[in-house]
Amino acid sequence: MMFPYIVRRVFVMILMLTILSVITFILFNAVPTDPAKLTCGKTCTPEIVAANRIRLGLDQPLIVQYVEWIKGIFVGRTYGTGSATFECSAPCLGYSFRNGEEVTTLIVNALPVTMYLAVGAFLLWMLVGISMGIAAAKNHGKWQDRTIMSVSLIGYSLPVFFVGLLLLIFAIVRWNLLPYPNYESPFDDPVAFFQTMLLPWVTLAILYAAYYARLTRSQMLETMGEDFIRTARAKGLSERVVFRKHAFRAGLTPIVTSAGLDLAGLLGGAVITEYIFSLPGLGRLAIGAVTDYDLPTITATVLVAAVFVIVANLVVDILYAAIDPRVRLS
Amino acid sequence: MSIAKATKNDVVVGRTLRQLAWARLRKDRVAMSSMFVLGLIVLIAIFGPLISKWLGVNPYDFNTDLLSDAGSLPLGPFGGVSRDHPLGVEPLTGRDILARLLYGSRISLFIALSATFVTVFVGTVVGIIAGYSRGRTDIVLSRFMDITLAFPLLLVIIAMTPVIEQRLQSLGLPAGNPSRITTLILVLSVFGWPYLARLIRGQVLSLREREFVEAAVSIGSSKRRILFRELLPNLWAPILVYATIAMPALIGAEAALAYLGISVVPPTPTWGSMLEESVGYFTVDPFYFFVPLSMLLAAVLSFNLLGDALRDALDPKADRN
């Protein structure tokens, strides 16, 4: 029962990824700017532009360029002809003239930073958000509930950049509680890593925890009104078991969905947070690419971010079926 | 007498969801106060130029005589608050902050409102069509929603803004703010509609099995009539709630984009651009930063609170009193 469902979903996912890659490619490569002209700086001559155009295959029709691009991702590609060729091995996402590097290298370097940021913030906000939500639901209508809901509504309404900037200004500039953000790999310098990541984690966690507190609360309250909860109580289960085993599990599905998609969305780059705290992650890479009009890098970062979300969609749907026995796999 | 009174009071009067919701909202103090705040903000936005004229303040005039010689910071308490400039003046330029806030509210609200309108329109139409038509149309539209939602919103917006603006200008829209604001509205709308479309689709899936749709089909109503005359009136509750929640999100998105450098063409102010400009002065002139921030937060919080209250008030499962 489970297996055919997964196969079908994987098939749909591959189809969606294909469409997605086409849209991404058209979006950024059919723009009214000449990508070849963007490959060299101020000391540009028409000859260099023409040569680069041929080297990068930009003289080919768009459809050929797309096929080459996709081919590069799976089997690698060779740029240029004759003696001036260079190899870009799979997965090749293109060559960034602005950075003088293969886009794959840029992404591979940026990805861990974004991953640490996303996962750390995720753990923090799930812990805080869900506990707040459960506490509010347990004390439904009392002052605890009202306090938690007001706090989370404010947290939910604050703009991301505001939270980030405020933390930066007060904790670092004013009170010198932490050194200025300077990203170091956790394997090289764990102390500096934690000092840099703490504020970004808190920034993201504040916003998401507020949302998850509200989501958890409304889910719990909804399931607490269901008939099977009354049944569970009627057969004499303790309130604790009813709450943990019945209500929480049934109310968990939408939380899992949101959590999976939010985490995936963040893995594609937390643009504003990375920008504020100068973290060299995917979001910063993408913003830099947009400002420089570095088309191969923009295309690749958007594609990578979108792939995360699509794959997360699949994982979430499968988890759904595993968590909630009521989900029918039809 | 007492019996007559009792029977009179006990007469069961059918109330529509609209009447019920309104009755619930009027009892909800939070909802009423957020509506009041929002009403004020909207009035401020509409009459902004008139109020500025009446107070004798202007958003574009430089008042460098009110700034210190060293550092160009406003003289006087709270960033140069005085009778002529009730909320102080900007550092560096000395422009009146109140006037900029009044003018900025117009643009911020206009962008958010237009984007909400486009989002709601597209989302509703696509959602109704996807929900009512079975089979291929539904699958194609639904997958299209999924794909749109998979894109990293902020990145695509930032990357696409210059491109779309160029396109609009080549279509004949004047350069500068007309095309910039249209671009902002478009990019902000493009990614919001799938959420509503999904919601509406789900609702229509169950509505289309109801008797009134069957009745409409049996008397030979056109598909268009069924979609927009029969189904649409049953969907206003989720649409209204969605629109109320979309507004604050879009106001926040405008501010976030402004922070990343995508905003209206200066010197035109918005809440977002004012925040972006004032952030750098936060340590020396915090009042300058808190003025647009409190306006933005008041609007966003009120919309969120109202959205919450509306969702509760429009809940058909709630007690009917």
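This is a predicted model, so every value here is computed, not measured.

Undergrad: Mind laying out the overall build of chain B, listing which residues take part and the relevant values?
TA: In terms of helices and strands, chain B carries 15 helices and zero strands. By the burial criterion, 41% of the 321 residues in chain B qualify as buried. When contacts within chain B are restricted to residue pairs at least 6 apart in sequence, long-range pairs at least 24 apart make up 69% of them.

Undergrad: Could you give me a rundown of the domain arrangement of chain A, with the residues and numbers involved?
TA: Residues and elements named next belong to chain A. What the domain assignment reports for chain A is domain 1 (2–102) and domain 2 (108–329). The centre of domain 1, based on its C-alpha atoms, is set 33 Å off from the matching centre of domain 2. Of the residues lining the interface, 22 residues belong to domain 1; the matching set on domain 2 comes to 19 residues. The set of elements that each furnish at least two residues to the side of domain 1 that touches domain 2 consists of helix 1 (2–29) and strand 3 (95–96). A total of 14 residues in the side of domain 1 that touches domain 2 trace back to one element, the largest contributor, which is helix 1.

Undergrad: I'd like a rundown of the interface of chain B and chain A, residues and numbers included.
TA: Taken together, the contacts link 29 residues of chain B with 35 residues of chain A. Taken together, the elements giving at least two residues each to the side of chain B that touches chain A come down to helix 7 (136–150), helix 8 (153–170), helix 13 (236–259) and helix 15 (286–313) of chain B. Sorting elements by how many residues they give to the side of chain B that touches chain A places helix 8 of chain B first, with eight residues. For the side of chain B that touches chain A, the per-class residue count stands at 23 nonpolar, four polar and two charged.

Undergrad: Go over unusual backbone geometry with me, naming the residues and quoting the values.
TA: Residues and elements named next belong to chain A. With a phi angle near 45°, S278 is a residue other than glycine that sits in the positive phi range. When you line up the elements, S278 lands in the loop between helix 10 (271–276) and helix 11 (282–292). The exposure class of S278 is partly exposed, given the 15 C-beta atoms found within 10 Å.

Undergrad: Quick rundown of the nonpolar core? Include the residues and the values.
TA: Among the nonpolar cores identified, the biggest contains 160 residues, and A121, A209, A286 and A306 of chain A together with L155, L250 and L296 of chain B are the most heavily contacted of them. Residue assignment places this core across two domains, with domain 1 (2–102) and domain 2 (108–329) of chain A each supplying three or more.

Undergrad: Describe in detail the packing of helix 8 of chain B against helix 9 (residues 177–190) of chain B, supporting the description with residues and values.
TA: Residues and elements named next belong to chain B. Where helix 8 contacts helix 9, the two axes come as close as 9 Å, and the packing angle between them is 130°. Regarding the angle of helix 8 to helix 9, the classification is oblique. For the pair helix 8 and helix 9, the crossing hand works out as right-handed. Across from I157, M160, T161, I164, E165, L168 and Q169 in helix 8, the residues of helix 9 making contact are S179, R180, T182, T183, L186 and V187. Its residues placed into classes, the contact of helix 8 with helix 9 shows six nonpolar, five polar and two charged.

Rules used throughout
Residues numbered from 1 in each chain as written. Chains lettered and ligands numbered in written order. Predicted model: local features only at pLDDT ≥ 70, side-chain atom pairs only at ≥ 80, totals over all residues. Helix = DSSP H or I, 4+ residues; strand = E, 2+ residues; numbered from the N terminus. Buried ≥ 20, exposed ≤ 12 C-beta atoms within 10 Å, placed from the backbone. Contact = placed C-beta atoms within 7 Å. Domains from an automatic or database assignment. Nonpolar A, V, L, I, M, F, W, Y, C, P; charged D, E, K, R; others polar. Core = buried A, V, L, I, M, F, W, Y, C linked by C-beta atoms within 7 Å. Axes fitted to C-alpha atoms, helices over the stretch in contact; angles between N-to-C directions. Parallel < 35°, antiparallel > 145°, perpendicular 65-115°, else oblique. Left-handed = near helix turned anticlockwise from the far one by under 90°.

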